[in-house]
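Spelled out, the chains give:
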Amino acid sequence: MASGPLYLGFDLSTQQLKAIVVASDLTVVSEAKVDFDADFAAKYNIKKGVLTDEAEGEVFAPVALWLESLDLVLTRLRDTGCPISQIKGVSGSAQQHGSVFWNDTATAALKALDGAGGKKGLLEQLENVFAHPFAPNWQDHSTQAECDLFDKHLGDKIKLAEATGSSAHHRFTGTQIMRMRRKRPEVYKNSARISLVSSFLASVLLGDLAPLEISDVTGMNLWDITNECWSEPLLELTAGSKDAVPDLRKKLGEVPLDGENALGRISSYFVDKFGFSAKCQVAPFTGDNPATILALPLRPGDAIVSLGTSTTFLMNTATYKPDPSYHFMNHPTTKGHYMFMLCYKNGGLAREKVRDKLPETPIGGDQWENFNKAVFATPPLDVASGSDDSSESKAKLGLYFPLPEIVPNVRAGTWRYECSPADGSGLQTAAADWTAEADARVIVESQALSLRLRSQSLVAAPPGSRLPAQPRRVYLVGGGSLNPAIARVMGDVLGGADGVYKLDVGGNACALGGAYKALWTLEKGPGESFDELIGKRWKEEGAIQKVDDGYREGVFEKYGRVLGAFDEMEKRVLKDFKN
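Residues numbered from 1 in each chain as written. Predicted model: local features only at pLDDT ≥ 70, side-chain atom pairs only at ≥ 80, totals over all residues. Heavy atoms only, no water.

### Remarks on the overall build of the protein
To be explicit about the condition: Runs of H or I in DSSP of at least four residues are treated as helices and runs of E of at least two as strands, each being numbered from the N terminus. It is over C-alpha atoms that the radius of gyration is taken, and the globule rule equals 2.2 Å times the number of residues to the power 0.38. Here, two residues are considered to be in contact whenever any of their heavy atoms come within 4.5 Å of each other.
Check the secondary structure of the protein and you find 21 helices and 24 strands. The C-alpha radius of gyration computed for the protein amounts to 25 Å, which stays within 12% of the reference 25 Å derived for 579 residues, consistent with globular compactness. For the protein, the spread of C-alpha atoms along the principal axes amounts to about 80 × 55 × 50 Å. Put simply, of all contacts in the protein between residues at least 6 apart along the chain, 72% involve residues at least 24 apart.

Below, the structure is given as structure tokens:
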């Protein structure tokens, strides 16, 4: 067991609460988790961690569930033999956008938490401090009317994205607060403070109301990123009138403009009940997406592509170029840097539907075998090498959306187009459907081209090289990261000057990011950045594996020549959808 200082990271997700403890050298010392359905479904009647009201489109979680889970996960952590008294700092992450509504008794109750004797738990001592017993979840889709108002309030959704980093979304906290005020006015009136889920968890551990964190606050549609302050016009919209803005400001509190300073010592409740040191510090908690980029750590110019049921693309960048089709958030540790995020509904499901049209593999065989063979056997854009300039050759471009998509915002459907591979000219609908073998390559290209299109202004040529602008490294995570054919196409389309890598930090990336954040907060030297400190200690061995060379001269450029045509294809499909 480690003899030096330890650092604890939490991840309060939709379905679980995880805790992970690391040493100063980033070695994992202990882990524990609570599965909400397995441990509490009978008590709270939850399914996959939440409750739903389909008639209203509401998805929400009992706050009491999280209080009980915190006691339980720390009990389990202690039972692993973890030397809790050596934990020097605590931080973590939580599901983004969710909100917790405290009443005016919360501050006093948090400060009075008593763990002596271990008799009373968090729930017994805090069950009456909430103006509303439930927290809206990121899956909630009840706020369309509020989203429409947010998108119009500054002029249009482009101006909203320029100000807040995102256009309006159902799950974002500003629209959720606005709906709470309109639908449940007594809850809003009785709310003395509104926390995000991350600052809620930090508050319980701190024994006082913690401020919102500088990265997580940018998932609210209320924070003016460029001017580093609350947006007065959006506060007015949310509060209902200009006169009501001061009250909303009080409910939200002030936001520290950096994420590097500890909030204070851990509550004596956790000292008395679980054996934490009285000197243990609580660092700011952040959202789950920002915490993901801390688990690497992701250096500027690197990109993460999450290839799960959905597709998510993350970059650490110093460039702020917002657009309604994606998200910008403040970086959780590095002032002046941002987290760029793209999120697509269609990912693994879309690839599986194409795969299932190919001949089945023998029972017991790899069900992706024929898909991968088709991808490797099909040249880029299904254009034979050397025929790019032929007037007869046509590059294949497609969109494959079994689910309605966010980026672009269109209905479910499949669209196939063709254009000149030389310059993307002559874009037109394909005369006939393609073979399933051609679809296998084109669907992966389509997903990668969409990522390249929207991130092209954020990448740069590697320093000291003559290579075109591209990510330094492309990291693949999720189930699709295991597929060599997908890795090859991602490298072909996105590049990767230093290659394409499969990243595996287990299922605890967000909790690890939190633990690393606590470590950095307590151990950094003067002016030492998160990337500098963690980068010196983070060991790639066992965590990453190079799966593709990335940039290939000539191939990368082929995709660049049709990128404009891909953009035009999306616009045509979107126009048809709106008409």
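### Concerning unusual backbone geometry
With an omega of -5 degrees, the peptide bond running from Val407 to Pro408 counts as cis. Structurally, Pro408 is set in the loop between strand S19 (395-401) and strand S20 (413-419). The phi dihedral of Leu381 is positive, around 60 degrees, even though this residue is not glycine. Topologically, Leu381 is positioned in the loop between helix H15 (369-377) and S19.

### Re the sheet that holds S20
Rule in force here: Note on pairing: DSSP must find at least two bridges between two strands before they are called paired. For helices, the axis comes from a line fit to the C-alpha atoms of the stretch in contact; other axes are also lines fit to C-alpha atoms, and the angle between any two N-to-C directions lies between 0 and 180 degrees.
Taken together, three strands build an open sheet; the order of strands is S19-S20-S21 and the sheet is antiparallel. Single-partner strands in this sheet number two, and they are S19 and strand S21 (428-429). Across the sheet, helix H16 (residues 436-455) lies against S19 and S20, angled at about 75 degrees from S19, the strand it touches most.

### A short note on the environment of Gly287
Using the following cut-off: Only protein chains enter the accessibility calculation, which uses a 1.4 Å probe; a residue whose area is less than 20% of its type maximum is buried, one above 50% is exposed, and one in between is partly exposed.
Summarising the element assignment, Gly287 is placed in strand S14 (residues 286-287). Judged by its relative accessible area of 0%, Gly287 is buried. Along the primary structure Gly287 and Pro362 are separated by 75 residues, whereas in three dimensions their C-alpha atoms are 43 Å apart. If sequence neighbours within four positions are ignored, Gly287 has contacts with Ser93, Ala94, Gln96, Glu213 and Asp216.

### As for the packing of helix H7 (residues 173-183) against helix H10 (residues 232-239)
Heads up, the rule is: Basically, the charged four are Asp, Glu, Lys and Arg, the nonpolar ten are Ala, Val, Leu, Ile, Met, Phe, Trp, Tyr, Cys and Pro, and anything else, Gly included, counts as polar.
Put simply, H7 and H10 touch, their axes get as near as 8 Å, and they point 30 degrees apart. Residues Gly174, Ile177, Met178 and Arg181 of H7 pack against Leu237, Thr238 and Ala239 of H10. Class assignment of the residues belonging to the contact of H7 with H10 gives a composition of four nonpolar, two polar and one charged.

### Things to note about the UniProt feature "domain: Carbohydrate kinase FGGY N-terminal" (unreviewed entry) in the protein
Let me state the cut-off plainly: UniProt positions are given in the numbering used here, feature names are shortened, and annotations may be inferred rather than shown by experiment.
Mapped onto the present numbering, the UniProt feature "domain: Carbohydrate kinase FGGY N-terminal" (unreviewed entry) falls at residues 137-294. For residues 137-294, helix accounts for 47% and strand for 9%, while the C-alpha atoms at its two ends are 23 Å apart.

### Things to note about the nonpolar core
The cut-off we apply is this: By nonpolar core we mean a set of buried residues, namely Ala, Val, Leu, Ile, Met, Phe, Trp, Tyr and Cys, connected to one another through side-chain atoms within 4.5 Å. Each domain's extent was defined by an automatic or database domain assignment.
Trp230 and Leu397 are the most contacted members of the largest nonpolar core, which totals 93 residues. Residue contributions to this core peak at ten residues, all from H16. Of the residues that make up this core, three or more belong to each of domain 1 (6-290) and domain 2 (296-504 + 543-578). Trp66, Leu74, Val90 and Leu205 belong to the second-largest nonpolar core, a separate cluster that totals 60 residues.

### Side note on the pairing of strand S15 (residues 303-307)
Across the five residues that make up S15, a large majority, four, are buried. Two strands pair when backbone bridges link them, and S15 and strand S16 (residues 311-317) are joined in this way by five bridges, in the antiparallel orientation. Looking at S16, one finds that Ala303 is bridged to Met315. Taking the residues that link successive antiparallel strands as the turn, the S15-S16 hairpin has three residues. Pairing between S15 and strand S22 (residues 474-477): four bridges, direction parallel. Paired with Ile304 across the strands is Tyr475, a residue of S22.

### Concerning the domain arrangement of the protein
Defined as follows: Simply put, the buried area is the total loss of 1.4 Å probe accessible area from both parts when two parts are fitted together. Just to be clear on terms, a salt bridge is a Lys or Arg side-chain nitrogen sitting within 4 Å of an Asp or Glu carboxyl oxygen. Two N or O atoms form a polar contact when they lie within 3.5 Å of each other; inside protein one atom must be a possible hydrogen donor and the other a possible acceptor, and for residues adjacent in sequence the pair counts only when both atoms belong to side chains.
For the protein, the assigned domains are domain 1 (6-290) and domain 2 (296-504 + 543-578). Computed from C-alpha coordinates alone, the two centres of domain 1 and domain 2 are separated by 34 Å. Taken together, the 28 residues of domain 1 in the interface contact 17 residues of domain 2. Both sides together, the interface formed by domain 1 and domain 2 hides about 1,600 Å², and carbon and sulfur atoms give 55% of it. In terms of surface lost to domain 2, no three residues of domain 1 exceed Gly165, Ile225 and Asn289, which account for 26% of the buried area on that side. Here domain 1 is connected to domain 2 by one salt bridge. Between Glu228 and Lys335 there is a salt bridge; the shortest N-O distance is 2.5 Å. On the surface where domain 1 and domain 2 come into contact, there are ten residue pairs in polar contact (both at pLDDT 80 or more). Within the residue set of the side of domain 1 that touches domain 2, elements represented by two or more residues are helix H6 (157-164) and helix H13 (288-294). A class-by-class count of the residues in the side of domain 1 that touches domain 2 yields nine nonpolar, 14 polar and five charged.

### Some details on the sheet that holds strand S5 (residues 58-62)
Pairing in this open sheet of three strands is antiparallel, and the strands run S4-S5-S8 from one edge to the other. What marks the edges here is a single partner per strand, and that holds for strand S4 (51-53) and strand S8 (134-136). Taking the axes of each pair of neighbouring strands and ignoring which way they run, one obtains an average angle of 35 degrees across the sheet. Here three bridges tie S5 to S8, and the two strands are oriented antiparallel to one another. Each bridged residue has a counterpart across the sheet, and for Ala61 the counterpart in S8 is Ala135. The sheet strands contacting helix H2 (residues 63-79) are S5 and S8, and the helix crosses S5 at an angle near 40 degrees.

### Describing the packing of aromatic side chains
Under the convention used in this document: When two rings of Phe, Tyr or Trp (its six-membered ring) have centres within 6.5 Å they constitute a pair, described as stacked for plane angles under 30 degrees, edge-to-face for angles over 60, and tilted for the intermediate range. Put simply, a charge is over a ring when the Lys NZ or the Arg CZ is close to the ring centre, within 6 Å, and near the line of the ring normal, within 35 degrees.
One pass over the structure, following the stated rule, counts 22 aromatic pairs. Seen in terms of ring centroids, Trp66 and Phe200 are 5.8 Å apart; in terms of plane orientation they differ by 50 degrees. Their pairing is tilted. Of the two residues, Trp66 is situated in helix H2 and Phe200 in helix H9 (residues 197-206); the sequence distance between them amounts to 134 residues. You'll find Trp66 and Phe200 in the same group, each marked buried. Ring geometry for Phe130 versus Phe200: centroids 6.4 Å apart, planes at 55 degrees, classification tilted. Note that Phe130 is positioned in the loop between helix H4 (122-126) and S8 and Phe200 in helix H9, a separation of 70 residues in sequence. An aromatic cluster is defined as three or more aromatic residues linked by ring pairs; in this entry it consists of Phe313, Tyr320, Tyr326, Phe328, Tyr338 and Phe340. Across from the ring centre of Trp368, 4.6 Å away, lies the NZ or CZ of Arg355, which sits over that ring. The ring of Phe556 carries the charged tip of Arg452 above its face, separated from the ring centre by 3.8 Å.

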